[in-house]
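So you can see what is in the structure, the chains are spelled out below.
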Amino acid sequence: NAGVTQTPKFRILKIGQSMTLQCAQDMNHNYMYWYRQDPGMGLKLIYYSVGAGITDKGEVPNGYNVSRSTTEDFPLRLELAAPSQTSVYFCASSPTGPGEQYFGPGTRLTVT
Amino acid sequence: GENVEQHPSTLSVQEGDSAVIKCTYSDSASNYFPWYKQELGKRPQLIIDIRSNVGEKKDQRIAVTLNKTAKHFSLHITETQPEDSAVYFCAASIPEYGNKLVFGAGTILRVKS
C-alpha cells in the first residue's frame, strides 16, 4: 500500500493565482482531512470529509474549497492565493471512528 | 469548541533522563487522545494513543496517562535517546461527526548526548 500520497511536494504561487493540492489514499478509509501547519505551530484543520460526496468545514476554511467524488481522492483548491496561505499542507485519512489518522508527506506552499 | 493546551513549548533533557509533556483539553466529551511525533521536514506519526475508558497505557519507553476528571493527559518518555529529539503534538478527538482532532501547539524536545 502507498498509504496517503500528496502532490506536488513543493509549489511557489504568485498572489492571486489558484491551484489544487492533490491527496489520495489506498486504504479504503472513509474519513479524510486537510490540515495546514504554519512554521513552529501546530496543525489546524481546514476541511474534512466523512465519505464520498460529504465535506464540512474545519477551523480555518476561508480561502479554500474541497470536493470528495471518490473514497480515494480529496483535493484541496486554493482560489486567489494570498501570502497568508504560505504553509505546509498535510492530508490525512482514518478509518471510521476515533483512531489513528495517517498523514501524507505534505505539500510546502509559498505565496509571494 | 474544543481547545487543547500543551506545555512546555520546549524541553531539553540529558540523554538517559525522562521527559514529560502535559496537555489539557476543554471538552469533557472528548474520548480519544493521540500523541504524534514529527521530525524536521517529515509528516506527523502516531507514537501512542489512549481512549477515555483507560487511565494509562505503556509501550516500551513511552507511556501516556489520562485524568478525565481534571481533563489532562501526559506523555512520559523514559531513558531518552538522541533519536527522540523531535516535535511532539498532543491532540483530542471531538466525538461528533468526523472525529476531528484538535492539536496542541507542540513541544520541541531536545535530547543532549
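That block above? That's the structure.
In this report, we go over the structure that sits alongside the text. (Residues numbered from 1 in each chain as written. Chains lettered and ligands numbered in written order. Predicted model: local features only at pLDDT ≥ 70, side-chain atom pairs only at ≥ 80, totals over all residues. Heavy atoms only, no water.)

### Overview of the overall build of chain A
A tally of helices and strands in chain A yields zero helices and eleven strands. Across its three principal directions, the C-alpha atoms of chain A cover 40 × 25 × 25 Å. The 112 residues of chain A split such that 46% are buried. Within chain A, residue pairs in contact and separated by at least 24 positions form 55% of the contacts whose partners lie at least 6 positions apart. Put simply, chain A shows about 5,100 Å² of open surface, and 52% of that area lies on carbon and sulfur atoms. Measuring between centres, the 9 positive side-chain charges of chain A sit 10 Å from its 8 negative side-chain charges. (Helix = DSSP H or I, 4+ residues; strand = E, 2+ residues; numbered from the N terminus. Buried < 20%, exposed > 50% of the residue type's maximum accessible area, 1.4 Å probe, protein only. Contact = heavy atoms within 4.5 Å. Areas by Shrake-Rupley, 256 points an atom, 1.4 Å probe, with all protein chains shown as cover. Lys, Arg positive; Asp, Glu negative; His and termini not counted. Charge placed at Lys NZ, Arg CZ, Asp CG, Glu CD.)

### So, the interface of chain B and chain A
The interface is formed by 19 residues belonging to chain B together with 22 residues belonging to chain A. Between chain B and chain A, roughly 1,800 Å² of surface is buried when both sides are summed, and carbon and sulfur atoms account for 57% of that area. In this assembly, chain B and chain A are joined by zero salt bridges. On inspection of chain B and its partner chain A, the count reaches four residue pairs in polar contact (both at pLDDT 80 or more). (Buried area = accessible area lost by both parts, 1.4 Å probe. Salt bridge = Lys/Arg side-chain N within 4 Å of Asp/Glu carboxyl O. Polar contact = N/O pair within 3.5 Å; in protein donor to acceptor, adjacent residues only side chain to side chain.)

### Quick notes on the sheet that holds strand S3 (residues 19–25) of chain B
Residue and element names in this part refer to chain B. Overall, antiparallel pairing links the five strands, which are arranged S1-S3-S8-S7-S6 in an open sheet. Two strands lie at the open edges of the sheet, namely strand S1 (4–7) and strand S6 (56–59), each paired on one side alone. When the angles between neighbouring strand axes are averaged without regard to direction, this sheet yields 15°. The pairing of strand S7 (residues 62–67) with strand S8 (residues 72–77) spans six bridges and is classified as antiparallel. Paired with Val64 across the bridge in S8 is Leu75. (Pairing = 2+ DSSP bridges. Axes fitted to C-alpha atoms, helices over the stretch in contact; angles between N-to-C directions.)

### Examining the sheet that holds strand S7 (residues 64–66) of chain A
Whenever strands of a sheet pair, they do so through backbone hydrogen bonds, lying parallel or antiparallel. All names here are of chain A. Here four strands make up an open sheet; going across it, the order is S1-S3-S8-S7 and the pairing antiparallel. Pairing within the sheet leaves two strands with one partner each, and these edge strands are strand S1 (4–7) and S7. Within this sheet the neighbouring strands show an average axis-to-axis angle of 20°, counted without direction. The pairing of S1 with strand S3 (residues 19–25) spans four bridges and is antiparallel. Paired with Thr7 across the strands is Gln22, a residue of S3.

### Some details on the pattern of salt bridges
If you walk through the whole model with that rule in mind, you get five salt bridges over all chains. In this structure, A:Glu79 engages A:Arg77 in a salt bridge whose closest nitrogen and oxygen atoms are separated by 3.1 Å. Relative accessible area serves as the criterion here: at 38%, A:Glu79 is assigned to the partly exposed category. With a closest N to O distance of 2.8 Å, B:Lys57 and B:Asp49 form a salt bridge.

### A closer look at the packing of aromatic side chains
In the structure shown here, the tally under the stated rule is twelve aromatic pairs over all chains. For the pair A:Phe103 and B:Phe103, a centre-to-centre distance of 6.4 Å together with 70° between the ring planes defines the contact as edge-to-face. Here the residue A:Phe103 occupies a position in strand S10 (residues 102–103), and B:Phe103 occupies one in strand S10 (residues 101–103), the pair thus bridging two chains. You can call A:Phe103 buried: its relative accessible area is 4%. Ring centres 6.0 Å apart and planes at 55° place the aromatic pair B:Tyr25 and B:Phe73 in the tilted group. Separated by 48 residues along the polypeptide, B:Tyr25 in strand S3 and B:Phe73 in strand S8 bring together distant segments of the chain. Of the residues examined, B:Tyr25 reaches a relative accessible area of 6% and is grouped as buried. B:Phe73 sits in the buried class, given a relative accessible area of 0%. Of the aromatic side chains, those joined through ring pairs into one cluster are A:Tyr33, A:Tyr35, A:Phe90, A:Phe103, B:Tyr36 and B:Phe103. Over the face of the ring belonging to A:Phe74 we find A:Arg68, whose NZ or CZ atom lies 5.9 Å from the ring centre. (Phe/Tyr/Trp six-rings, centres within 6.5 Å; stacked < 30°, edge-to-face > 60°. Lys NZ or Arg CZ within 6 Å of the ring centre and 35° of its normal.)

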